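Residue strings, one per chain:
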Amino acid sequence: MVTVPTLVARGEWDEVTLLGDTLGVFAALSNARSKRLVVIGSASHMAFIEKNREQLFHEVQIFLDEGVQ
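Calculation rules
Residues numbered from 1 in each chain as written. Predicted model: local features only at pLDDT ≥ 70, side-chain atom pairs only at ≥ 80, totals over all residues. Heavy atoms only, no water. Helix = DSSP H or I, 4+ residues; strand = E, 2+ residues; numbered from the N terminus. Polar contact = N/O pair within 3.5 Å; in protein donor to acceptor, adjacent residues only side chain to side chain. Contact = heavy atoms within 4.5 Å. Salt bridge = Lys/Arg side-chain N within 4 Å of Asp/Glu carboxyl O. Buried < 20%, exposed > 50% of the residue type's maximum accessible area, 1.4 Å probe, protein only. Core = buried A, V, L, I, M, F, W, Y, C linked by side-chain atoms within 4.5 Å. Pairing = 2+ DSSP bridges. Right-handed = clockwise from strand over helix to strand, strands pointing away.

**Q** Sorry, what's going on with the side chain of Glu 50 here?
**A** Relative to the elements of secondary structure, Glu 50 occurs in the loop between β2 (35–40) and α2 (53–68). Polar contacts involving the side chain of Glu 50 include one to the side chain of Ser 44, which spans 2.3 Å. When neighbours within four sequence positions are excluded, Glu 50 is seen to be in contact with Ser 42, Ala 43 and Ser 44.

**Q** Looking at this model, I keep getting lost on the pattern of salt bridges. Mind explaining?
**A** Close approach of charged atoms allows side chains of opposite charge to pair. All chains considered together, the criterion is met by one salt bridge. The partner of Arg 36 in a salt bridge is Glu 66, and the shortest N-O contact between them spans 2.6 Å. Remark: Glu 66 occurs in helix α2 and Arg 36 occurs in strand β2; sequence separation between them is 30 residues. With a relative accessible area of 25%, Arg 36 lands in the partly exposed category. Judged by its relative accessible area of 39%, Glu 66 is partly exposed.

**Q** Any chance you could explain the nonpolar core here in plain terms?
**A** Nonpolar side chains in soluble globular proteins tend to be buried together. Core analysis: the biggest nonpolar cluster contains five residues, these being Val 38, Ile 40, Ala 43, Ala 47 and Leu 56. When sequence neighbours within four positions are dropped, the list of residues in contact with Ala 47 reads Arg 53 and Leu 56.

**Q** What is the right way to read the side chain of Thr 22 from this model?
**A** In this fold, Thr 22 is placed in helix α1 (residues 19–28). Since its relative accessible area comes to 4%, Thr 22 is described here as buried.

**Q** How should I be thinking about the pairing of β2 in this particular structure?
**A** Sheet faces and side chains relate simply in a regular strand, where the side chains alternate between the two faces. The pairing of strand β1 (residues 6–11) with β2 spans six bridges and is classified as parallel. Within the sheet, the bridge partner assigned to Thr 6 lies in β2 and is Lys 35. Where the polypeptide runs from β1 across α1 and back to β2, its parallel neighbour, the crossover connection is right-handed.

Structure follows, in structure tokens:
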């Protein structure tokens, strides 16, 4: 059971983890203190090495900064 704040991120063009799978995981996080789902535009499963990786990094940083407060 996940109880900590959780970020779920996926690329818009991800063909490895399908949108339905992602939504299923997100829905299953019912015990998480908070949860967020972000979709990185024009990115695949490997978003962290693609042209829009800065969008992913930005979303992760926002999520982490919220936990510091």
